[in-house]
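# An overview of the molecular structure
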Amino acid sequence: MMSKAAGIATLLVAAATSAGAQEQVLNLYSARHYSTDEALYNNFTKATGIRINRVDADDAGILARLKAEGAASPADVILLVDAARLHKGDVDGLFRPIRSKALEDAIPAQYRATAGAEGTTWFGFSTRARVVVYDKAKVRREDVDTYEELADPKNRGKVCLRSGSHPYNLSLFGAVTEHLGEQKAEAWLKGIVDNMARAPKGGDTDQIKAVGSGECQVAVSNTYYIARLLRSGDAGDKALMEKVGVVFPNQSSWGTHLNIAGGAVARNSKNTAAAVRFLEYLASPEAQNYFANGNNEWPTAKGVKVNNPALAAMSGGGDFKTETIPLAAVGAHQVKVQQMLDRVGFK
């Protein structure tokens, strides 16, 4: 017969095993690498008891991993940082359509995938503007206050950009294609190539520094790179930003292009309910401030504002006109844009 002590020990082991079996774990594949996101995950776990197991990689790496893993993938939630990559994951069938009134009520239609019969595949949770930076001593603001002017002959030999095939540029070029049509957009891209001061290279911060050093006079950058420099305590960064002006293009026409960071439920998630719950949490006011302000971005959820002095300073108080085209449509143009880039010699 089992002793009383042995019986108690057996019950304790069984209880611990049961508790362990009931622990919910959400597998997150994330292209976001910001320390402030840790507070996001910790708060979600405190509120729900669901632990986050995060795998970090860049957007392309995450999409490649999901394809390789197929139905055996442990991923539940995917976080990516570009509309073109979100669209690619969607087209490749890597996301599961979901229905969520909370997400549909919080996230405006232009910041999410077009809903299908089974639901919506991805939602955007923060935005960044793609703006023009220029040498204040050599370039007049009014000569670079539209995207179209990047291709104007008056800016011949002044423009520098990163690779045209980078997702940030593919999304911008896709937006311009949506606004102008393919024929005019291709002519515009050819004009930019003609205006380049040097071959495309480097990242967005390198373009800003190239303007500051005089290598070129006009460039394009995502706003969060500019905000980092504005918030920096480094003397060199401060000197750089005194030389460089920032303009939010097309305020008198269609508005400045926005890109997004967004999330989706993985197609083969084994924990769909918890995955949806996590995405709904990201749309909450508290999470929106962590999610957006941690990387100097703007929230997407309706009625949520972020207090970021650097963003306010560069945008003249934080209010500026943004384009309203669906970002799903922007992503849909990426194949056409890449073909146009090849034709005009934009590397």
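Check the entry above for the structure.
Structural notes, computed from the coordinates.

## As for the packing of helix α8 (residues 204-213) against helix α10 (residues 235-243)
In the contact formed by α8 and α10, the axes pass within 9 Å of each other and the chain directions differ by 70°. In terms of axis orientation, α8 runs roughly perpendicular to α10. Residues Ile 208, Lys 209 and Gly 212 of α8 lie in contact with α10, whose contacting residues are Leu 240, Met 241 and Lys 243. Residues belonging to the contact of α8 with α10 are distributed by class as follows: three nonpolar, one polar and two charged.

## Things to note about the nonpolar core
If you look at the biggest cluster of nonpolar residues, it comprises 81 residues, and the most contacted ones within it are Leu 26, Ile 78, Trp 122, Phe 125, Ile 208, Phe 278 and Leu 282. If one sorts the elements of this core by residue count, helix α11 (residues 272-282) sits on top with seven residues. In this structure Leu 26 touches Phe 44, Ile 50, Arg 51, Ile 52, Asn 53, Asp 76, Val 77, Asn 271, Ala 274, Ala 275 and Phe 278, once residues within four positions along its chain are discounted. Judged by nonpolar contacts, the second largest core, of 27 residues, contains Val 132, Leu 161, Val 176 and Leu 341.

## A short note on the pairing of strand β6 (residues 218-222)
Among the five residues in β6, five count as buried, and that is most of the element. With burial as the criterion, each face of β6 is covered, one bearing Val 218, Val 220 and Asn 222 and the other bearing Ala 219 and Ser 221. Bridge count between strand β5 (residues 159-160) and β6: two bridges; the pairing is parallel. Note on β6: the bridge partner recorded for Val 159 is Val 218.

## A word on the packing of helix α2 (residues 37-48) against helix α12 (residues 285-293)
Interhelical geometry of α2 versus α12 gives an angle of 155° and a closest axis separation of 8 Å. Classified by the angle their axes make, α2 and α12 are roughly antiparallel. The handedness of the crossing between α2 and α12 comes out as left-handed. Of the residues in α12, those touching α2 at Asp 37, Ala 39, Leu 40 and Asn 43 are Glu 286, Ala 287, Tyr 290 and Phe 291. Residues of the contact of α2 with α12, tallied by class, amount to five nonpolar, one polar and two charged.

Calculation criteria
- Every chain is numbered on its own, with residues counted from 1 as its sequence reads.
- Where totals are concerned, whole chains, interfaces and linings use all residues; where local detail is concerned, this predicted model gives features only for residues with pLDDT of at least 70, and gives and counts side-chain atom pairs only at 80 or more.
- For the side-chain quantities, the full set of heavy atoms in the structure was used; hydrogens and water were omitted.
- Where helices are involved, their axes are fitted lines through C-alpha atoms of the stretch in contact, as for all axes, and angles between N-to-C directions lie from 0 to 180°.
- By the criteria applied, helices consist of DSSP H or I runs no shorter than four residues and strands consist of E runs no shorter than two, each listed in order from the N terminus.
- Convention used here: angles under 35 degrees read as roughly parallel, angles over 145 as roughly antiparallel, angles from 65 to 115 as roughly perpendicular, and any remaining angle as oblique.
- Contacts are residue-level and defined by heavy atoms, with any inter-residue pair within 4.5 Å sufficient.
- In this classification, the charged set is Asp, Glu, Lys and Arg, the nonpolar set is Ala, Val, Leu, Ile, Met, Phe, Trp, Tyr, Cys and Pro, and all remaining amino acids, among them Gly, are polar.
- Each nonpolar core is a collection of buried residues, namely Ala, Val, Leu, Ile, Met, Phe, Trp, Tyr and Cys, held together in the definition by side-chain atoms within 4.5 Å.
- For the exposure calls, accessible area comes from a 1.4 Å probe over protein chains only, and a residue counts as buried if that area is under 20% of its type's maximum, exposed if over 50%, partly exposed in between.
- Two strands make a pair as long as DSSP finds a minimum of two bridges between them.
- Note on convention: near helix rotated counterclockwise from far helix by under a right angle means a left-handed crossing. Clockwise means right-handed.

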